[in-house]
Amino acid sequence: MDLVSVRTVRTPSHRDDLVFAPGDRPLGGGTWLFSEEQPGLTGLVDLTTLGWPDVERTPGTLTIAATCTIAALLRVQPDPDWVAWPLVDRCANALLASFKVWNAATVGGNVAVGLPAGAMTALLVTLDATAVVWTPDGGERRVPVDRLVLGVQTLDLRHGEVIRAFELPEEALRATTGFRRVSLSPHGRSGSLVTARWSAAGFVLVVTAATPRPVVFRWSSVPSAGEVDAALDAVLGADEDWYDDPHGSPRWRRAVSSVFAHELRDEAAEAAAAPGTPATTAGTR
Ligand SMILES: Cc1cc2nc3c(=O)[nH]c(=O)nc-3n(C[C@H](O)[C@H](O)[C@H](O)COP(=O)(O)OP(=O)(O)OC[C@H]3O[C@@H](n4cnc5c(N)ncnc54)[C@H](O)[C@@H]3O)c2cc1C
């Protein structure tokens, strides 16, 4: 769509050029920015001209640039022991998006839109990613992704701050993961997306799409079914804790998310009892 209020589009090549006037916003792939009216938007600062490498590997950490497209992320060759890597493909396919959107949409843009169905957010939270945020004074701060996305289109980001990258600990990439997703129609937006990660270090369960923000549960070992129920009730006990939009009612989202949480717990419990089971499991309804 034409953004008729936009007066300037800047293409920075260095961090020093990365300055935001009132009314300016960062531009990733533009797939969301150009898809609807943007009241008050007068300028765009294109992050893709900064030339950030899509991914960087340092000992113990995989860094994904905010400007890495979903398509580029899918082309990354994982290390042989990154058994969690199939989760990238599962989450990319969870987006209600064609390959054309994948080629333009950036990982950072998906997180920064802050939609409950942000599948890159689900991926990053499940893999314990930390966002590197560049601040306008030339500094940076680090925020776990589950604390960056605070609610529907609400982020812990001030005007002038940009997400530079996401840091993923390799330990998380070496863990087993599980994935469950449901939508009201075959190619509809996710109504619930529940993911899990488990290893000797513990069991992590992440609920997105069904809730206004990513919700993470952590246990030091595979929890019992009762512990899963108790945790869900404690944090997401009220209908208001679940997202309500045309893609699903809170009560339905709560019910399917609970089923998914139990399925993933059961898988982790079975794997703990019988080592050697598949490293990444999936289910889509
Ligand atoms: C066909 C289609 C299907 C879609 N399906 C889904 C879906 O199923 N689930 C879902 O969550 N979304 C969906 N979307 C919206 C989706 O989130 C975006 O299209 C995409 O992920 C945004 O990435 P982008 O790089 O294009 O962001 P842009 O459109 O460029 O930017 C999005 C927002 O993020 C800000 N931003 C971008 N990069 C940064 C950064 N590095 N730091 C700070 N702020 C930044 C921008 O200022 C803007 O406010 C869909 C969109 C389309 C067109």
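What you see is a predicted model; the values in this text were computed from it and never measured.

Colleague: Where do I start with the side chain of Asn 110 in this structure?
Modeller: As for its position among the elements, Asn 110 is in helix H4 (residues 107–113). Under the relative-accessibility criterion, Asn 110 is labelled buried at 16%. Polar side-chain contacts of Asn 110 include one of 3.4 Å to the backbone nitrogen of Ala 119. When neighbours within four sequence positions are excluded, Asn 110 is seen to be in contact with Leu 95, Gly 118, Ala 119, Met 120 and Thr 121.

Colleague: In this structure, what is going on with helix H2 (residues 86–94)? I would like to understand it.
Modeller: Side chains that are three or four residues apart share a direction in an α-helix, a result of its 3.6 residues per turn. All of the buried residues in H2 are Leu 87, Val 88, Cys 91, Ala 92 and Ala 94. Summarising the axial view, the buried residues of H2 lie within an arc of 155°, below the 170-degree limit, and thus occupy one face.

Colleague: Can you help me understand the sheet that holds strand E3 (residues 43–46) in this one?
Modeller: In any sheet, the strands associate via hydrogen bonds between backbone groups, in a parallel or an antiparallel arrangement. With parallel pairing, 3 strands are arranged side by side in an open sheet as E1-E3-E2. Two strands close off the open sheet at either side, each with one partner strand: strand E1 (8–10) and strand E2 (24–27). When the angles between neighbouring strand axes are averaged without regard to direction, this sheet yields 20°. Pairing of E2 with E3 involves 4 bridges; the strand directions are parallel. Paired with Pro 26 across the bridge in E3 is Val 45.

Colleague: Whenever I open this one, the pairing of strand E10 (residues 162–169) confuses me. Can you help?
Modeller: Two faces belong to every sheet, and in a regular strand the side chains alternate between them. Among the 8 residues of E10, 6 are classified as buried, and the element is accordingly described as predominantly covered. Of the strand pairs in this sheet, strand E5 (residues 61–65) and E10 are connected by 5 bridges, and their pairing is antiparallel. Among the inter-strand pairings, Leu 62 is bridged to a residue of E10, identified as Leu 168. As paired strands, strand E6 (residues 130–134) and E10 are joined by 5 bridges and run antiparallel to one another. In the sheet register, Ala 131 faces E10, and the bridge partner there is Phe 166.

Colleague: Which parts of the structure should I look at to understand the domain arrangement of the protein chain?
Modeller: A common way to express how large an interface is: the accessible area buried when the components associate. We note that the domain assignment places domain 1 (8–48), domain 2 (50–171) and domain 3 (174–284) within the protein chain. Taking the mean C-alpha position of each, domain 1 and domain 2 sit 18 Å from one another. At the junction of the two partners, domain 1 supplies 17 residues and domain 2 supplies 16 residues. Roughly 1300 Å² is buried in total at the junction of domain 1 and domain 2, and carbon and sulfur atoms are behind 67% of that figure. Contact with domain 2 buries surface across domain 1, with Arg 15, Trp 32 and Leu 47 losing the most and accounting together for 44% of the total. Applying the counting criterion to the domain 1 and domain 2 interface returns 0 salt bridges. Along the contact surface separating domain 1 from domain 2 lie 6 residue pairs in polar contact (both at pLDDT 80 or more). Looking at the side of domain 1 that touches domain 2 residue by residue, the classes come out as 8 nonpolar, 7 polar and 2 charged.

Colleague: Any chance you could explain the site of the ligand here in plain terms?
Modeller: Around the ligand, the surrounding shell holds 28 residues, and the nearest of these are Pro 26, Gly 29, Thr 31, Leu 96 and Thr 106. Between the ligand and the protein, one listed contact pairs an oxygen atom with a backbone N or O atom of Gly 30 at 2.7 Å. Thr 31 has a polar side-chain atom sitting 2.5 Å from an oxygen atom of the ligand. Protein chains bury 89% of the 960 Å² of accessible surface belonging to the ligand in isolation. For the shell around the ligand, the elements supplying multiple residues, two or more each, are E2, H4 and E10. Top element by residues in the shell around the ligand is H4. It accounts for 4 residues.

Definitions and limits used
- Residues numbered from 1 in each chain as written.
- Predicted model: local features only at pLDDT ≥ 70, side-chain atom pairs only at ≥ 80, totals over all residues.
- Heavy atoms only, no water.
- Helix = DSSP H or I, 4+ residues; strand = E, 2+ residues; numbered from the N terminus.
- Buried < 20%, exposed > 50% of the residue type's maximum accessible area, 1.4 Å probe, protein only.
- Polar contact = N/O pair within 3.5 Å; in protein donor to acceptor, adjacent residues only side chain to side chain.
- Contact = heavy atoms within 4.5 Å.
- Arc of directions from axis to C-beta.
- Pairing = 2+ DSSP bridges.
- Axes fitted to C-alpha atoms, helices over the stretch in contact; angles between N-to-C directions.
- Domains from an automatic or database assignment.
- Buried area = accessible area lost by both parts, 1.4 Å probe.
- Salt bridge = Lys/Arg side-chain N within 4 Å of Asp/Glu carboxyl O.
- Nonpolar A, V, L, I, M, F, W, Y, C, P; charged D, E, K, R; others polar.
- Near = heavy atom within 4 Å.
- Areas by Shrake-Rupley, 256 points an atom, 1.4 Å probe, with all protein chains shown as cover.

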